[in-house]
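Residues per chain, in single letters:
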Amino acid sequence: MLKGDLSLRQGDFQLESGTFELETTGITVLFGRSGSGKSTLLRAITGLDKHTHGTLYFNGERWQDGKWRLPTPRRDIGFVFQDAALFPHLSVRGNLEYAVRRAPSGGASLNELAERVGIAHKLDQSVTTLSGGEKQRVAIARALLSRPRLLCMDEPLSALDWRAKGELLPLIEELARETGVPILYITHAPIEVERLAARVVFMAAGRIERIETLREALERPDSPLFDEEGPVSVLEGRLGVPNEHGLCAFGEEGERLWLAPPAHSTDGRPQRLRILARDVSLALDDPSRISILNHLPVSIERIDPVKEGRVTVATRTAGGQLLLAEITPWSLARLDLVPGRLVYALIKSVALME
């Protein structure tokens, strides 16, 4: 567990985290608008700011107590920043060797990790010749070569284009699973939260407002994750092999969907499927003469208040997963939809979060 209660003033900004406890497993995302205190909290946790006060314990080890703090190097933390922060006068290999020299012995070799993150063919290049995505791959490898007990990533994808982001998101998830190193990950992009998070720390005005699992965060109607694109569902399941029509089955019997094959192999691992509520319609019967392929029998769990002329209907699949649909109040009344009623969800568009 990472447990604490931290305060830090930076100019006119005051961080007062309040008491918090975080599991040190998987990826924990710090989420909030710009200026909410995400990076300030990360600096307090890592000990980078000597003006931090409060208490902090990492897996039972004291890191902060009042004004006393354990120096950052002794916390064994790896860092990946938005700008990669590589040494421009060194090659890719030189940047990685710097981490190896400062790390305890053991762990993955430089060449093995370079191969794993996809930069083995770039080892002898200057880092100034790399693309933004390649620089972040080097930064991730360098951080992991230091054999950290905790990896902190501060908006590592915010300066990248959509293609680089799409390639790095699954890499970060896979490395977290393979290495077992807990990650604190800062972002203000909901789609990154939905792709990576095991749990979410919601921040506003220098305080931690809530700590929730991703499922809990997506189940409440006022979730800040809905501010950009409206309500979103994230279904979990495994992807099958393509059928004779070139489509892959996602999920188990009773909540199975059909998708186009992904660009990369999923190796049978559980995947996440992102569905916007506005792409889900509801029907009282299962239509057969329709081009929409994905129909699921669901049970209505709740109906949220009208917002901007639309109603969000929260339903449950046969497997117990939450699926949100956004419809008009007129449709709600015309179909006489109420909690407990069995209906069919017609899903017009899905996105496998590769």
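A brief structural summary. This one's a predicted model, so the numbers in the text were calculated from it and none came from an experiment.

Cut-offs used in this document
- Residues numbered from 1 in each chain as written.
- Predicted model: local features only at pLDDT ≥ 70, side-chain atom pairs only at ≥ 80, totals over all residues.
- Heavy atoms only, no water.
- Helix = DSSP H or I, 4+ residues; strand = E, 2+ residues; numbered from the N terminus.
- Rg over C-alpha atoms; globule rule 2.2 N^0.38 Å.
- Buried < 20%, exposed > 50% of the residue type's maximum accessible area, 1.4 Å probe, protein only.
- Contact = heavy atoms within 4.5 Å.
- Core = buried A, V, L, I, M, F, W, Y, C linked by side-chain atoms within 4.5 Å.
- Salt bridge = Lys/Arg side-chain N within 4 Å of Asp/Glu carboxyl O.
- Lys, Arg positive; Asp, Glu negative; His and termini not counted.
- Phe/Tyr/Trp six-rings, centres within 6.5 Å; stacked < 30°, edge-to-face > 60°.
- Lys NZ or Arg CZ within 6 Å of the ring centre and 35° of its normal.

**Some remarks on the overall build of the protein chain**
Part 1: When its secondary structure is counted, the protein chain shows 8 helices and 23 strands.
Part 2: Expected size for 354 residues packed as a compact globule is a radius of gyration near 20 Å; at 23 Å, the protein chain falls within 12% of this value.
Part 3: Structurally, the protein chain occupies a C-alpha span of about 65 × 50 × 30 Å along its principal axes.
Part 4: Classification of the 354 residues of the protein chain by burial places 50% in the buried group.
Part 5: Considering only residue pairs separated by 6 or more positions, the protein chain has 65% of its internal contacts joining residues 24 or more positions apart.

**Describing the nonpolar core**
The nonpolar side chains of a soluble globular protein tend to be buried with one another.
Part 1: L96, I172, Y185 and L225 are the most contacted members of the largest nonpolar core, which has 55 residues in total.
Part 2: Excluding its chain neighbours within four sequence positions, the residues that come into contact with L225 are F31, P190, V193, E194, F202, L214, A217 and L218.

**What about the pattern of salt bridges?**
Part 1: Inspection of the entire model under this criterion finds 24 salt bridges.
Part 2: R269 is the partner of E174 in a salt bridge, and the nearest nitrogen-oxygen pair spans 3.2 Å. Pair noted here: E174 is in helix α5 (residues 162-179) and R269 is in the loop between β16 (257-259) and β17 (271-276), with a separation of 95 residues, a long-range link.
Part 3: Residue class for E174 comes out buried when judged on its relative accessible area of 17%.
Part 4: A salt bridge links E194 to R274; its shortest N-O distance comes to 2.4 Å. Of this pair, E194 sits in helix α6 (residues 190-196) while R274 sits in strand β17, and the two are 80 residues apart along the sequence.

**Some points on the side chain of E192**
Part 1: Within the secondary structure layout, E192 lies in helix α6.
Part 2: Of the side chains bearing the opposite charge, K165 lies closest to the buried E192, which forms no salt bridge; the N-O distance is 4.7 Å.
Part 3: The contacts of E192, once residues within four sequence positions are left out, are L157, L169, Y185, T187 and A197.

**Digging into the packing of aromatic side chains**
Part 1: Inspection of every chain in the model, using the stated rule, returns 4 aromatic pairs.
Part 2: Arranged with centres 4.8 Å apart and planes meeting at 75°, the rings of F87 and Y98 form a pair that is edge-to-face. In this pair, F87 sits in the loop between β8 (77-80) and α2 (92-102) while Y98 sits in helix α2, placing the two residues 11 residues apart along the sequence.
Part 3: For F87, a relative accessible area of 26% corresponds to the partly exposed category.
Part 4: A relative accessible area of 30% means that Y98 is categorised as partly exposed.
Part 5: Looking at R142, its charged tip hangs above the ring of F87, at a distance of 5.3 Å from the centre.
Part 6: Between the NZ or CZ atom of R220 and the centre of the ring of F202, over which it lies, the distance is 5.1 Å.

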